[in-house]
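Chain by chain, the residues run as shown.
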Amino acid sequence: MRYHSPFDRPEPRLVPAGEHPLWDEALAAVNRDLAVTLPEQRPLCLFAVPWEEGEPDQVYVALANGEWHGNPLWADPDTSADALEAVAEAAQDTVSECLWQAWPVCAVHDLGMHLRKESGRPSWWCAGTTDPKDPPHIRAAVGELETIRRPHRPNRKRRKNSARG
């Protein structure tokens, strides 16, 4: 059977663990970052959309409810780093577009971060500010946002608790 229109295609399906091991491993790392930055969100998952007969399914990174945005993950990756980069990028598209918010956000600058390779590892990069003393920086490797502590900023004013009356 050959699919001729989007209306002829079978429904998307949840991809079971083990079907794409490198993507599973990458998704686990991305979900660690999601849990730290958006703890109210359930873990992301992989959904497959059957394509034409004889062609592999198109796999997407989706919210727990099955909603996704952006391009599918292409052919199975050659390395864990390739998988991590592809899954992190797809996850960022899905979270940002489906939840209408920047993700992940730098805890220091409150700016959306972008994916960059640093020393061969996909990492979350922050643009910093226009102040030369606060330059762009790598915040953490993908999957390691939970290991980062917000740095002490000695010149930052502390908030005082005040009673309103």
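No experiment lies behind these values; they were computed from the predicted model shown. (Residues numbered from 1 in each chain as written. Predicted model: local features only at pLDDT ≥ 70, side-chain atom pairs only at ≥ 80, totals over all residues. Heavy atoms only, no water.)

Concerning the environment of glycine 120
Defined as follows: To qualify as a helix, a DSSP run of H or I must reach at least 4 residues; to qualify as a strand, a run of E must reach at least 2; elements of each kind are numbered from the N terminus. Buried means the residue's accessible area, taken with a 1.4 Å probe over protein chains only, is under 20% of the maximum for its type, while exposed means over 50%, and partly exposed covers the values in between.
Within the fold, glycine 120 resides in the loop between strand S4 (114–118) and strand S5 (121–126). Take glycine 120: its relative accessible area is 47%, and that puts it in the partly exposed class.

Comments concerning the packing of aromatic side chains
Keep this limit in mind: Two aromatic rings from Phe, Tyr or Trp, using only the six-membered ring of Trp, form a pair when their centres are within 6.5 Å; if the ring planes differ by under 30 degrees the pair is stacked, by over 60 it is edge-to-face, and anything between is tilted. We call a charge positioned above a ring when the Lys NZ or Arg CZ atom is no farther than 6 Å from the ring centre and deviates by at most 35 degrees from the ring normal.
In total, this model carries three aromatic pairs according to the counting rule given. Seen from their ring centres, tyrosine 60 and tryptophan 68 are 4.6 Å apart, and the 20 degrees between their planes marks the pair as stacked. Taken together, the ring pairs in this structure connect Phe47, Tyr60 and Trp68 into an aromatic cluster. Over the face of the ring belonging to tryptophan 125 we find arginine 116, whose NZ or CZ atom lies 3.8 Å from the ring centre.

Notes on the side chain of histidine 109
Cut-off, in case you're wondering: Contacts: residue pairs with any heavy atoms within 4.5 Å of one another.
Examined against the element boundaries, histidine 109 turns out to sit in the loop between helix H2 (80–99) and S4. Not counting the four nearest positions on each side in its chain, histidine 109 is found in contact with Cys126, Gly128, Thr129, Asp134 and His137.

Digging into H2
Test applied: Residue count minus one, scaled by 1.5 Å, sets the expected span of a helix.
With 20 residues, H2 ought to run about 28 Å at 1.5 Å a step, and its terminal C-alpha atoms sit 27 Å apart, in line with that. Those residues of H2 that fall on the buried side of the exposure criterion are Ala83, Leu84, Val87, Ala88, Ala90, Ala91, Gln92, Thr94, Val95, Ser96 and Cys98. Residues of H2 that are buried sit in contact with helix H1 (21–37), strand S3 (58–62), S4 and S5. Looking one or two places after H2, you find tryptophan 100, whose phi comes out positive at around 55 degrees.

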